[in-house]
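Tertiary structure, described
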Amino acid sequence: PAPEYRTATGGRPGASSGGSSAASAARPGGGLYAPKPPPRQTSAPRASPPPPAPPPPSPPSQRSPSPTVSRPTPPPAPIDDAVPPPPPPPRAPDRSPVALRDVLLQKAIVLQSYTPGQHRIVCPSCGGGSNGERSLAVHIEADGREAQWMCHRATCEWTGGSSVADAKSNSRRTQSESAMGSNTSVGTGMSSRRPGAGAGGAVKLPPPESLERVGPGETTPAAKKWGAWLESRGIDLAVAERNGLASQNVFSPPAGAHVDALVFPYMRDGELVNIKYRGEDKSFWQVKGAEKILFGLDDIAGAREIVIVEGEMDKLALEQAGVKNVVSVPDGAPGKVKDGPVPAPEEDRKFEYLWNCRAALDPVSRVVIAADADAPGQALAEELARRLGKERCFRVHWPEGCKDANDVLLKEGEAALRGAIDNAEGFPLRGLFRFSDFEDDIANYFGVEESSEMKGVSTGWKSIDNHYRVVPGELTVITGVPNSGKSEWVDALMCNLAVQHGWTFALCSMENKVHEHARKLVEKYTGEPWFEGKYTKKARMRPETMRQGLHWLDNQFVLIRHEDDELPSVDWIIGLARAAVMRHGIRGLLIDPYNELDHKRPQGQTETEYVSQMLTRIKKFAQHYDVHVWFVAHPRQLHNWRGEAPGLYDISGSAHFINKCDNGIVVHRNRDEKAGSLREVTVMVAKVRNKVAGSIGDPKLEYNLSNGRYEDIQ
């Protein structure tokens, strides 16, 4: 429900004041400001005469000599002493209301956001223990003004609660206000906070009686002129009056003269804090030294959903369309998004109005940013979202040909303006997507051909293809007892993919010497043995065949090898594999085997936790770079083993090898002559996550000892 809005007198717009007919007659139309009585003579000024402007400086020859004042001459400074730069201007005292974050800060509780709900941080009392655990649970109530907390570490259990009501006031504000005093306008019921008035005069806000109401009913000629302009922009006078718009004859710094300016009063808790003026030439200026806050701040008091616009006219346009929980920034839009990190909120001078309004903004759960459609407007939207938190910010896209909210109101109407706000889209968050963000990829997947890589590429063996096809971006874990041929089979698979599909690979094979690994791969490519008489009776390959094989090998494979005696880590391998993607365009990565890697774990981390995180990093690499990864892992020591094939849960280290992989394969060689050929190899596909690419099964191949190839059994 929309919040109830009040004028400075405490009444609601349009509500009967009950027994105050005389006052109503004296103030036609009601509102924040009492209208000036119509002047008896048109030539009489509508406001008290402004102070005379200082005369222009006369030429040096015409200036009167200044009286000579005797002052002691300071001693001359040393020539080599550097003159210190002037100190920066002092920051205005913080007069903003106390927010819940201020109360929690006194307890050393600092959150990333202060929206209602549950938050987790490191406990400032115990530091989260040795692991820095985020053990402090902080719950913020729905009104955003109260919080309770509890540390869940048994050795701490710090509990407590605080609310804005607990804080009597901001001490800085109390001190400044006690020094500045408060002036109250007679006859309007509105107090005017005038910081500095009577105590140095740094900030001078006009008294409300000097402002000429803009609204329905009888108004002054200047106010009537501005009222007609507002109506030409689609704004009803009742809306203008509810927002306190007025006219004032005031000195315009841009024009260098007094003009009848349109007044946008910046109110907080019914008190005048600042004024933004608009001249007829579309020039803008504000009261010098006044506190920067949002226009319409009282309209979002207690709101959980708000709209932020770029200008005051956009705020009025949205209210004209029925959307009242709207505020406008006071300074318009920046030229571009600023590079670098966002400054600390309390030091962010350009957007200090956000800090000054933190008590109202912190509890908001949904912020719709309706900035202009031009480049500065988009920069403003980005800067606001960076400071308010993109997770709760939504961006408005205006209809084609419309620049801002007031433009939409004039060209498309109120319904279109409300629709643009209702259809605001969330700011992109890194790692958070909708399926529509991948609409093209999904549509392409629906229309892929049978031979597409998205359905998996052929392994080169018909019997294997029925159960396992290679899909880019997946992780295959391979295991088997020693001397079962698991590494030989993966080498043969990569050779098939290189020949048939042109794939290139990165090999991190710690158990193979480089020359031995080259021999195995060249034999599989050429189909001829490297040596003669050792393991075959066939003649060895000719030197030119060997060189041809090495040339092919050099084009299709790159090696990842540690050049010293230290064991490589998974992160080191992934880093080089990432470089191999960029430099050589690899499509596959082999890590063989797991137990040859460096597995230094942080203190207190179990092997199960380590394996889980390691496999997660490998899968993220595979998915991000569309690379298929084969990870060879040995089974743990099998007691009373009689030649049977191990299972995926027998892999040494953790059950996460089977839980996290996309495909799980056990390669097992027959060792019983009674059961069949000793060259028979079973490729047991024990897990397939993607049913499009395969299914569980136990296809068999025959190993060719002379060239290391695997062939389908006829």
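Residues numbered from 1 in each chain as written. Predicted model: local features only at pLDDT ≥ 70, side-chain atom pairs only at ≥ 80, totals over all residues. Heavy atoms only, no water.

Digging into the overall build of the chain
For the chain, the count of helices and strands is 19 helices and 25 strands. Split into buried and exposed, the 714 residues of the chain put 45% on the buried side. For the chain, contacts bridging at least 24 residues in sequence account for 63% of all contacts bridging at least 6. Here the chain displays about 38000 Å² of accessible surface, and carbon together with sulfur accounts for 52% of that area. (Helix = DSSP H or I, 4+ residues; strand = E, 2+ residues; numbered from the N terminus. Buried < 20%, exposed > 50% of the residue type's maximum accessible area, 1.4 Å probe, protein only. Contact = heavy atoms within 4.5 Å. Areas by Shrake-Rupley, 256 points an atom, 1.4 Å probe, with all protein chains shown as cover.)

Regarding the sheet that holds strand β1 (residues 117–121)
Taken in spatial order, the four strands of this open sheet run β1-β2-β3-β4, and their pairing is antiparallel. Each of the sheet's edge strands pairs with one partner strand only, and the pair in question is β1 and β4 (159–163). Averaged over all adjacent pairs, the angle separating strand axes in this sheet is 20°, with direction ignored. Bridge count between strand β3 (residues 146–151) and β4: five bridges; the pairing is antiparallel. Among the inter-strand pairings, Met-150 is bridged to a residue of β4, identified as Thr-159. (Pairing = 2+ DSSP bridges. Axes fitted to C-alpha atoms, helices over the stretch in contact; angles between N-to-C directions.)

Quick word on the environment of His-139
With respect to the helices and strands, the residue His-139 is situated in strand β2 (residues 136–140). His-139 gets classed as partly exposed once you look at its relative accessible area, which sits at 30%. Spatially, the C-alpha atom of His-139 lies 9.5 Å from that of Thr-115, the residues being 24 residues apart in sequence. Setting aside chain neighbours within four positions, we find His-139 in contact with Gly-117, Gln-118, Glu-146, Ala-147 and Gln-148.

A short note on the nonpolar core
Most often, soluble globular proteins keep nonpolar side chains buried together rather than apart. Grouped together as the largest cluster of nonpolar side chains are 61 residues, with contacts concentrated most on Leu-384 and Trp-398. It is helix α9 (residues 375–388) that provides the largest number of residues to this core, a total of five residues. Leu-384 has contacts with Ile-308, Val-329, Phe-351, Tyr-353, Leu-354 and Ile-369, leaving out every residue within four places of it along the chain. (Core = buried A, V, L, I, M, F, W, Y, C linked by side-chain atoms within 4.5 Å.)

Section: the packing of helix α15 (residues 514–526) against helix α16 (residues 543–556)
Where α15 meets α16, the closest approach of the two axes is 9 Å, and the angle between their N-to-C directions is 105°. Between α15 and α16, the interaxial angle falls into the category roughly perpendicular. From α15, Ala-518, Leu-521, Val-522, Tyr-525 and Thr-526 reach across to α16, where they touch Thr-545, Gln-548, Gly-549, Leu-550, Trp-552 and Leu-553. (Parallel < 35°, antiparallel > 145°, perpendicular 65-115°, else oblique.)

Description of the environment of Lys-411
Mapped onto the elements of the fold, Lys-411 is located in helix α10 (residues 405–411). Measuring from C-alpha to C-alpha, the distance between Lys-411 and Pro-399 comes to 9.7 Å, with 12 residues separating the pair along the chain. For Lys-411, the side chain forms a polar contact with the main-chain oxygen of Gly-401, separated by 2.9 Å. (Polar contact = N/O pair within 3.5 Å; in protein donor to acceptor, adjacent residues only side chain to side chain.)

A word on helix α4 (residues 221–232)
For an α-helix, 3.6 residues make a turn, and residues three or four places apart therefore share a direction. Between its terminal C-alpha atoms α4 stretches 17 Å, which fits the 16 Å expected from 12 residues at 1.5 Å a residue. All buried positions along α4 are accounted for by Ala-222, Ala-223, Trp-226, Gly-227 and Leu-230. For α4, the angular spread of buried residues about the axis comes to 140°, placing them on one side. Structural note: α4 exposes Pro-221 and Lys-225 on the side pointing more than 90 degrees away from its buried face. (Expected span 1.5 Å × (residues − 1). Arc of directions from axis to C-beta.)

Looking at the confidence of the model for the chain
This prediction gives the chain a mean pLDDT of 81; 82% of its residues lie at or above 70. For the stretch residues 1–83, pLDDT sits under 50, and the model shows 66 contacts to residues farther than four places along the chain or on other chains. Counted against residues more than four places away or in other chains, residues 169–201, with its pLDDT under 50, gives 63 contacts. (pLDDT = per-residue confidence, 0-100.)

Looking at the packing of aromatic side chains
Counted under the stated rule, the structure contains 19 aromatic pairs. On the basis of an interplanar angle of 50° and a centroid distance of 5.1 Å, the ring pair of Tyr-703 and Tyr-710 is categorised as tilted. Of the two residues, Tyr-703 and Tyr-710, both sit in the buried class. Following the ring pairs from residue to residue traces out a cluster consisting of Trp-503, Phe-505, Tyr-525, Trp-552, Phe-557 and Trp-630. The ring of Phe-394 carries the charged tip of Arg-366 above its face, separated from the ring centre by 3.9 Å. (Phe/Tyr/Trp six-rings, centres within 6.5 Å; stacked < 30°, edge-to-face > 60°. Lys NZ or Arg CZ within 6 Å of the ring centre and 35° of its normal.)

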